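Residue-level structure breakdown
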Amino acid sequence: MKLGIVGLPNVGKSTLFNAITKAGAECANYPFCTIEPNVGVVPVPDERLYKLAALYNSKQITRTAIEFVDIAGLVKGASRGEGLGNKFLSHIREVDAIVHVVRCFDDGNVSHVDGGTDAVRDVETINLELIFADAETVSKRLDRARTQSKSGDKKYAAEIEFLERARRFLDEGKPARAMPMSANEREYASSLFLLTLKPVIYAANISENDIGAPPNAEVLRVTEYAEKERCGVIVVCAKLEDELNGLDESDRAVFMREMKLTESGLDKLITAAYGLLGLISYLTAGEKETRAWTIERGTKAPAAAGKIHTDFEKGFIRAEVVDWRILVECGSFAAAKEKGKVRSEGKDYIVNDGDVILFRFNV
C-alpha cells in the first residue's frame, strides 16, 4: 500500500511524515521545502504476530508494510504549473490513496500561504487543483477518442459518452470518486489515473494545546466536509507525534498515558487506510516464520493463497482455518484441531481478518 501525503505548504506534512516514518525528512517554515518526494516504508504494527510467533517460537516475524510518500506542498494554480505543481501532481498519480493534511490551528510562528487558518478553504484549494488536473486529462483523452471515432468504429461511442459525462462532472467542481459509474466505467476511469478518483483520508492537524480537548471548530468543519465526501478523517497533532518519535518505547508509553492517548497517529492512519481501501490481513505461522498478508476484503481462499505463491492458487485443494485468538487460547494448531476449532474450507471461502491459514495444495 502506497499513501501520498499532500497539503498546502506549512500545514505539517513533513512533520507528520517524519513522525510516522522516522525518515528525517527536511522540515522548514517556508514553501516548497520538499521538492523531490521523501519516501518511507513503515511496517504495520500487529500484536497478533508477536503472540503467534511466541506460540511457534518463530525465527522470523514479517509484518506487512505501508509506503508513505511526502509530496511537496501544493498551491493555488498547481494544475497550471504554479510552484512546480505539474511535477508534484505527477507524484500523486503513483499512490493508492491520499492523506490530505489540513492545519486546524493558528500559530503566529508558522506562516500560512493564504495569511490565516481556514481549514475548509485550504481543503478546497487542493481539491480544486486536483479536479482541474483531471479535467485536463479527460479533455485530452476525449479529443483523442473523437479523432479515433472518425474511422467509423462504433466502439468509441461509449467511451466518448463517458468522457463527456466525466468532463461535465469535473467542470461542476466535483471529484471523480463521487461520480456514479458502472463497474466497467470505474475500471476504465482507473486506467486514466485520475487524481480525484483516489480515496482520501483527511488528517486534521491540531496544536498541542488542543490535545485531549473537544474538537475545535476547524476540526469539526473538516470532519463534516469529509463525511459529505465519504472520505476518511483522523485527528492528529503532528508536532506531538514527532516528539514521541524521539523517545524510546518505554518513555513513549509513559508519555502517551500522561497525554491520555490510546493510539499513535500512525495507528490511526493505518486503521483509516485499511478501512478506506477495504483491506484486511490474514496470517501464517510456523517455526520458520510468522507473517501477515494483506488482501482486499472479500478475497476468496485460492486468491489469498496466491499472495504467497502462484502455485498455491493454481493447485489449491483446501484451507485449514482458525481465528488467531482461538489458536493462541488453545496453545497450538494441533490442540485447536483436536477441539474442533480448525475449519476445512474450500474454494468459495471468503477470508476474514485475523484468520490463521494453512493452505493445502498440489501442483
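Quick note: structure is the one above.
Residues numbered from 1 in each chain as written. Predicted model: local features only at pLDDT ≥ 70, side-chain atom pairs only at ≥ 80, totals over all residues. Heavy atoms only, no water.

Some thoughts on the side chain of aspartate 355
By the element assignment, aspartate 355 lies in strand S12 (residues 355-361). Buried aspartate 355, no salt bridge; nearest opposite-charge side chain is arginine 343, N-O distance 4.3 Å. Engagement of the side chain of aspartate 355 in a polar contact is seen with the side chain of tyrosine 349, the distance being 2.6 Å. Those residues in contact with aspartate 355, other than ones at most four positions away along the chain, are Tyr282, Leu283, Val321, Val322, Arg343 and Tyr349. (Helix = DSSP H or I, 4+ residues; strand = E, 2+ residues; numbered from the N terminus. Buried < 20%, exposed > 50% of the residue type's maximum accessible area, 1.4 Å probe, protein only. Lys, Arg positive; Asp, Glu negative; His and termini not counted. Salt bridge = Lys/Arg side-chain N within 4 Å of Asp/Glu carboxyl O. Polar contact = N/O pair within 3.5 Å; in protein donor to acceptor, adjacent residues only side chain to side chain. Contact = heavy atoms within 4.5 Å.)

A look at the packing of helix H1 (residues 13-21) against helix H8 (residues 238-245)
Two elements in contact, H1 and H8, have axes separated by 8 Å at closest approach and are oriented at 30 degrees. Taken as a pair, H1 and H8 cross one another with a handedness that is left-handed. Note on element contacts: H8 touches H1 through Ala238, Lys239, Glu241, Asp242 and Asn245, opposite Thr15, Leu16, Asn18 and Ala19. The residue makeup of the contact of H1 with H8, split by class, is three nonpolar, three polar and three charged. (Axes fitted to C-alpha atoms, helices over the stretch in contact; angles between N-to-C directions. Left-handed = near helix turned anticlockwise from the far one by under 90°. Nonpolar A, V, L, I, M, F, W, Y, C, P; charged D, E, K, R; others polar.)

Looking at the sheet that holds strand S1 (residues 2-6)
What the six strands build is an open sheet, ordered S2-S4-S1-S5-S6-S7; its pairing is mixed. Edge positions in the sheet fall to strand S2 (38-43) and strand S7 (232-236), since each has one partner strand and no second. Across the sheet, the mean angle separating the axes of adjacent strands is 25 degrees when strand polarity is ignored. Bridge count between S1 and strand S4 (residues 65-70): four bridges; the pairing is parallel. Each residue of the ladder has a partner; that of glycine 4, found in S4, is valine 69. The strands touched by H1 within the sheet are S1, S2, S4, strand S5 (97-103), strand S6 (200-205) and S7, with S4 carrying the most contacts at an inclination of about 155 degrees. (Pairing = 2+ DSSP bridges.)

Notes on the packing of aromatic side chains
Summed over the entire model, instances satisfying the criterion amount to five aromatic pairs. Pairing phenylalanine 316 with phenylalanine 359 gives two aromatic rings, centres 6.4 Å apart and planes at 65 degrees, and the pair type is edge-to-face. On the criterion of sequence distance, the pair formed by phenylalanine 316 in strand S10 (residues 316-323) and phenylalanine 359 in strand S12 is long-range, its members being 43 residues apart. Among the residues examined, phenylalanine 316 registers a relative accessible area of 7% and is labelled buried. An aromatic cluster is present here, built from Tyr282, Phe316 and Phe359 joined pairwise through their rings. Lying across the ring of phenylalanine 105, arginine 103 places its NZ or CZ 5.6 Å from the centre. Over the aromatic face of tryptophan 293 sits the side chain of arginine 291, whose NZ or CZ is 4.1 Å from the ring centroid. (Phe/Tyr/Trp six-rings, centres within 6.5 Å; stacked < 30°, edge-to-face > 60°. Lys NZ or Arg CZ within 6 Å of the ring centre and 35° of its normal.)

Description of the nonpolar core
If you look at the biggest cluster of nonpolar residues, it comprises 56 residues, and the most contacted ones within it are Phe68, Ile92 and Tyr202. Apart from residues lying up to four places away in sequence, phenylalanine 68 is in contact with Leu3, Ile5, Phe17, Ile20, Thr21, Asn38, Val39, Gly40, Val42, Leu266 and Leu269. Counting 19 residues, the second-largest nonpolar core is a separate cluster that includes Ala135, Tyr156, Met179 and Leu197. (Core = buried A, V, L, I, M, F, W, Y, C linked by side-chain atoms within 4.5 Å.)

Topic: the pairing of S4
Two elements, S2 and S4, share six bridges in a ladder whose sense is antiparallel. Of the residues in S4, the one forming a bridge with glycine 40 is phenylalanine 68.

Observations concerning the packing of helix H4 (residues 119-149) against helix H5 (residues 156-171)
The contact between H4 and H5 brings their axes to 9 Å, and the two run at 155 degrees. With respect to their mutual orientation, H4 and H5 come out roughly antiparallel. When the axes of H4 and H5 are compared, the crossing they make is left-handed. Contacts from Ile131, Asp134, Ala135, Val138, Ser139, Arg141, Leu142, Ala145, Arg146, Gln148 and Ser149 of H4 reach H5 at Tyr156, Glu159, Ile160, Leu163, Glu164, Ala166, Arg167, Leu170 and Asp171. (Parallel < 35°, antiparallel > 145°, perpendicular 65-115°, else oblique.)

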